[in-house]
Amino acid sequence: MSETQTPDTDVAAGTEQPTADQTEKPSTSGAVPAPERLEELEEAMRDVVDPELGINVVDLGLVYGITEDEDVVILDMTLTSAACPLTDVIEDQARGALVRSGLCNDLRINWVWLPPWGPDKITEDGREQLRALGFTV
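In every chain, residue numbers begin from 1 and rise along the written sequence. In view of the model being predicted, local features appear only for residues whose pLDDT reaches at least 70, and side-chain atom pairs are presented and counted only at 80 or more, with totals across whole chains, interfaces and linings using the full set of residues. Where side-chain values are given, they derive from all heavy atoms of the structure, hydrogens and water being excluded.

### Brief notes about the overall build of the chain
At step 1: Here a helix means four or more residues in a row that DSSP labels H or I, a strand means two or more in a row labelled E, and each is numbered from the N terminus. Looking only at helices and strands, one finds 3 helices and 5 strands in the chain.
At step 2: Sequence-ordered secondary structure for the chain, helices as α and strands as β, is β-β-α-β-β-α-β-α.
At step 3: Under the scheme applied here, a residue whose accessible area is under 20% of the maximum for its type counts as buried, over 50% as exposed, and between as partly exposed, the area being computed with a 1.4 Å probe on protein chains only. Taken across its 137 residues, the chain has 36% of its residues classed as buried.
At step 4: Counting only contacts in the chain whose residues sit at least 6 apart along the sequence, the fraction spanning at least 24 positions is 65%.
At step 5: Residue burial considers only the protein chains on display, and all accessible areas are found by Shrake-Rupley using a 1.4 Å probe. With an accessible surface of roughly 7300 Å², the chain has 51% of that area assigned to carbon and sulfur atoms. Contacts were defined at the residue level, with two residues in contact if any of their heavy atoms lie within 4.5 Å.

### Things to note about the confidence of the model for the chain
At step 1: Each residue carries a pLDDT value, the predictor's own confidence for that position, ranging from 0 to 100. For the chain, the average pLDDT comes to 83, and 79% of its residues sit at 70 or higher.
At step 2: The model gives residues 1-23 a pLDDT under 50, and that stretch makes 49 contacts with residues more than four places away or in other chains.

### Regarding helix α1 (residues 35-45)
At step 1: Those residues of α1 lying buried are R37, L41, A44 and M45. The buried residues of α1 all sit within an arc of 105° when viewed along its axis, so they share a single face. Facing away from the buried side of α1 by more than 90 degrees, the exposed set consists of P35, E36 and E39.
At step 2: Of the surrounding secondary structure, the elements contacted by the buried residues of α1 are β3 (63-69), β4 (72-77) and α2 (87-100). Arc, as used here, means the arc of the directions from the helix axis to the C-beta atoms.

### Focus: the nonpolar core
At step 1: Among the nonpolar cores identified, the biggest contains 28 residues, and M45, V73, L75, M77, L98 and L107 are the most heavily contacted of them.
At step 2: For this core, the secondary-structure elements that each account for two or more residues are α1, β4, α2 and β5 (106-111).
At step 3: Looking at which element gives the most residues to this core, the answer is α2, with 5 residues.
At step 4: Beyond its immediate sequence surroundings of up to four residues, M45 is in contact with N56, V57, V58, V63, L75, M77, A94 and L98. To qualify as a nonpolar core, a set must consist of buried Ala, Val, Leu, Ile, Met, Phe, Trp, Tyr and Cys residues joined through side-chain atoms within 4.5 Å.

### Thoughts on the pairing of β4
At step 1: When you tally the buried positions in β4, you get 5 out of 6 residues, the bulk of the element.
At step 2: We call two strands paired when DSSP finds no fewer than two bridges between them. When β3 meets β4, the two strands line up antiparallel, connected through 6 bridges. By the bridge assignment, T67 is partnered in β4 with I74.
At step 3: Counted between consecutive antiparallel strands, the loop separating β3 from β4 contains 2 residues, among which E70 sits at a positive phi close to 60°.

Given below as C-alpha cells:
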C-alpha cells in the first residue's frame, strides 16, 4: 500500500479529502508502452470493475494514462469521487490484473484529481453497459 497514494481521512468530518500530492495532474514519469503493450495493459485493466457501478475502470474513463518504468507499470487513475470508500478494492483488483497475472513486477497508482472525472470520460462501450443496467447516459 505504500506504493499508492490514497485519500486521507478527515476524522472529525468523517470524509476523505485528497492530499496535496493527489491534486496534481497526471504524472509524466515513465515511458508510454509500445501500442501492442499498451493495448495488453488496457485489456487487463478491463478486469478491474468499479464495485459500485459494475463497469470496468477503463470504460468508465477512470484510467487517465499508463506508463512503464523498467518493469513497473504506473497508472494515472482517478475515481468518480475523491471520497470513494472503495479505493482499496480497486487497487487490489488492479494489482491482480497486472502484477499477479504476470504482466509486470510491480504497480504504482498515481491518484489524480485534475482533470476531474465526469460522465464525458465514459467510453461508448461503458455507456452501453450502463444503459443495460438501467442508467440514462
